[in-house]
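A look at the structure
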Amino acid sequence: MLDNHRLREDFPIFSHQPNLVYLDSAATALKPRMVIDAMHRYYSEYPANVGRGLYPLAARATKAFETARNTIAQFIGAEPTATVFTANATHAINLVALGIEETLSPKHSVVVTALEHHSNYLPWKELCRRTGATFRTASFAPDGSLDPETIARSVDASTTIVAFSAVSNVFGVVSPIAAIVRAIRAKNPQTLVLVDACQLIGHQPIDITAWDADFIVFSGHKVFGPTGIGVLAGKRAALLALSPMNVGGGTVLDACSDQPKYKDLPENLEGGTPNIAGAIGLGAAIDYINGIGLELIREHEAALMQYISTALKRSFGSAVHIIGTTDPNRRAGIITFSLEGMHPHDIAEILGESGIAVRAGEHCAAPLHRHLGLAATTRVSVSVYTGTDDIDQLIAGLEKAKTLFRV
Ligand code: ALA
């Protein structure tokens, strides 16, 4: 396993709160010093705009911004020019949904899955409401993964796009992404595919080229980066076919003609001054991950998943219900459960009083909870700074809650 105590020194929050047990990294990951420093350097040493100025300060800002783009593109197997900065994953998904809106009519269908979080559910539902296209929801397997054939059964000649998550933010189970894309293409080669990689990035490798997806999206803040920055990457042809929905400064070659002529990717989709510090911070976050090594991170998180599964069962036996797979190796650092006799909100509040942060509720995934017949669950998510000592404290906190509730 990784030396999480050594790694905790990289995260300034732990010098402010040395006893913090942070088990909510799937909501947002903590920020390493090198990310904060990179952003601080931009704001204090070269806070110029990008892509516009001809003076040295602006050239330095543009270079740092584009270097970050290259780092991120390489990390996900995308072309830098097909790696677009957005505000977050939700913004990226809405750019795609709005960008294909003109092509949809009541003759078309859009497919999502029942395990999506609201960000990869509502933009598509709204798109269908506006265009009259049919909104279809493919089911998931009991282990919390997506099954290629189940998704493909919802796809037919009418299907314009399928959007699905690589990892559900509730189940935490990694789905067979390349096989799902193949099954969709076998049913309809014209169907676009969007993969929401929010809960996979930074935990396991991403290769958009090997997946053969048209689009992938993720948020920077879940991968040690700052808030307010996300990425939409994909195939050039698919990105170029999107109607730019955020036109304005930086996107146009000829604004004066009746038919404005727009720039090439990625600028045509990045209207307005971008989140420059955010992009630079996200680049530093990817450098941080590369410095540790994705394979070591994967092994560390798998060991923690094994540890927590065993500890929960040992302490709570048949009163604990872990959602999804029993194989901790298939998880990307997320485990969700319910405990008989205790409401997840009460659990989270009691743990919170002891400095232990977990997430409780529907986790912005109401359709999934409805599908499972559950009102709410408790979610624990880990990262490089998490160790078995954090899990021991979680279990002690849960034991305390159990005593308080006399269950
Ligand atoms: N989607 C984020 C989560 O799962 C906010 O917590």
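In the block above lies the structure referred to throughout.
How each quantity is defined
- Residues numbered from 1 in each chain as written.
- Predicted model: local features only at pLDDT ≥ 70, side-chain atom pairs only at ≥ 80, totals over all residues.
- Heavy atoms only, no water.
- Core = buried A, V, L, I, M, F, W, Y, C linked by side-chain atoms within 4.5 Å.
- Buried < 20%, exposed > 50% of the residue type's maximum accessible area, 1.4 Å probe, protein only.
- Helix = DSSP H or I, 4+ residues; strand = E, 2+ residues; numbered from the N terminus.
- Contact = heavy atoms within 4.5 Å.
- Pairing = 2+ DSSP bridges.
- Axes fitted to C-alpha atoms, helices over the stretch in contact; angles between N-to-C directions.
- Phe/Tyr/Trp six-rings, centres within 6.5 Å; stacked < 30°, edge-to-face > 60°.

1. Notes on the nonpolar core
Nonpolar side chains in soluble globular proteins tend to end up buried together. Core analysis: the largest hydrophobic core is formed by 77 residues, its most contacted members being Ile76, Phe164 and Val384. Sort the elements by how many residues they give to this core and helix 11 (residues 276–292) lands first, with 11 residues. In this structure, Ile76 is in contact with Ile201, Ile206, Asp207, Ile208, Ile216, Phe218, Val231 and Ala233, ignoring residues within four places of it in sequence. The next biggest cluster of nonpolar side chains, apart from the first, holds 30 residues, and it includes Tyr121, Ala133, Phe215 and Leu242.

2. What about the sheet that holds strand 7 (residues 215–219)?
Across the sheet, seven strands lie side by side as 2-8-7-6-5-3-4; this open sheet has mixed pairing. Looking at the sheet topology across the chains shown, the edges are occupied by strand 2 (83–86) and strand 4 (134–138). If you compare each strand with its neighbour and ignore which way they point, the axes differ by 20° on average. Pairing of strand 7 with strand 8 (residues 230–234), which is carried by five bridges, proceeds in the antiparallel orientation.

3. Considering the sheet that holds strand 12 (residues 334–339)
For sheets, the rule is that strands pair by backbone hydrogen bonds, running either parallel or antiparallel. In space, the four strands of this open sheet follow the order 11-12-15-14, with antiparallel pairing throughout. Because the sheet does not close on itself, it has two edges, and the strands there are strand 11 (320–322) and strand 14 (359–361). With direction set aside, neighbouring strand axes in the sheet form an average angle of 30°. For strand 14 and strand 15 (residues 377–381), the ladder comprises three bridges, and the chain directions are antiparallel. Considered in strand 15, the bridge of Gly361 is made with Thr377.

4. So, the packing of aromatic side chains
Evaluation of the coordinates by the stated rule reveals 12 aromatic pairs. Centroid distance Tyr121 to Phe135: 5.3 Å. Interplanar angle 85°. Geometry classified as edge-to-face. On the criterion of sequence distance, the pair formed by Tyr121 in the loop between strand 3 (109–113) and helix 6 (122–131) and Phe135 in strand 4 is long-range, its members being 14 residues apart. Residue classification places Tyr121 among the buried residues on the basis of a relative accessible area of 11%.

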